[in-house]
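Here is how the chains run, residue by residue.
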Amino acid sequence: SIQPMSTGALGTVYKMINSGYTGKGSVVAVVDAMMNPKHPAFKDVSNIEEVVTESNANAVKSGSYINKKIPFAWNYATNDHNNLNPAKISEGHGQHVAGIAAGNRTKLMGMDWQGVAPDAQLLLMNVTEGGNINDSAVIKAFGDALKLKSNVVNMSLGITKAGYTNKASIDM
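Residues numbered from 1 in each chain as written. Predicted model: local features only at pLDDT ≥ 70, side-chain atom pairs only at ≥ 80, totals over all residues. Heavy atoms only, no water.

Caption draft 1: How the structure looks around the overall build of the protein. Scanning the protein for helices and strands turns up 5 helices and 8 strands. Ordered by position from the N terminus, the helices and strands of the protein form the series α-β-α-β-α-β-β-β-β-β-α-β-α. For the protein, the proportion of its 172 residues judged to be buried stands at 40%. The contacts in the protein between residues at least 6 apart in sequence include a share of 70% that link residues at least 24 apart. (Helix = DSSP H or I, 4+ residues; strand = E, 2+ residues; numbered from the N terminus. Buried < 20%, exposed > 50% of the residue type's maximum accessible area, 1.4 Å probe, protein only. Contact = heavy atoms within 4.5 Å.)

Caption draft 2: Structural view of the sheet that holds strand β2 (residues 72-75). The parallel open sheet is built from 4 strands, whose spatial order is β2-β5-β1-β8. With partners counted over all chains shown, the strands left at the sheet margins are β2 and β8 (152-155), one partner each. Averaged over all adjacent pairs, the angle separating strand axes in this sheet is 15°, with direction ignored. When strand β1 (residues 27-32) meets strand β5 (residues 121-126), the two strands line up parallel, connected through 6 bridges. The partner of Val-30 across the bridge, within β5, is Leu-124. Against the sheet, helix α3 (residues 93-102) touches β1, β5 and β8, its axis set at about 160° to β1. (Pairing = 2+ DSSP bridges. Axes fitted to C-alpha atoms, helices over the stretch in contact; angles between N-to-C directions.)

Caption draft 3: Main features of α3. The set of residues buried in α3 consists of Gly-94, Gln-95, Val-97, Ala-98, Gly-99 and Ala-102. In this structure, the buried side of α3 is in contact with β1, β4 (111-113), β5 and β8.

This is the structure:
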């Protein structure tokens, strides 16, 4: 079995992984930024139960289908399916979140690895452009997640330059 490297939240993830839950028959939407559907953790695998089909996905947005693992991928900020990672960041936040939620069983950096629900389908929904969060893109993504019958929607957006300065940390 996969063993935790630490406790706390990561320990909870490992408990879920080792519980036998696989996410089979579930759909997880990740509303975020910087995702690469070609990552090995998102390869098409035979044990995925197809809840969202190619025709379902293309009925919502034409051209959005990638494979059974990722039946829907769309960049709402640019309104296209070709570029979920415009900044070409190899380890983007959305990539990280999607991997923890539903990455396939695979070897990464020589270690066995998987997400909490490796048999779930993933909806990858980018809602940022140039580091800016587009409110209307977020609303459209949530609407499409509902249309595609997502069981779970994760949104953990943030900005790097929020205009807030912690004076105490500067003075240290």
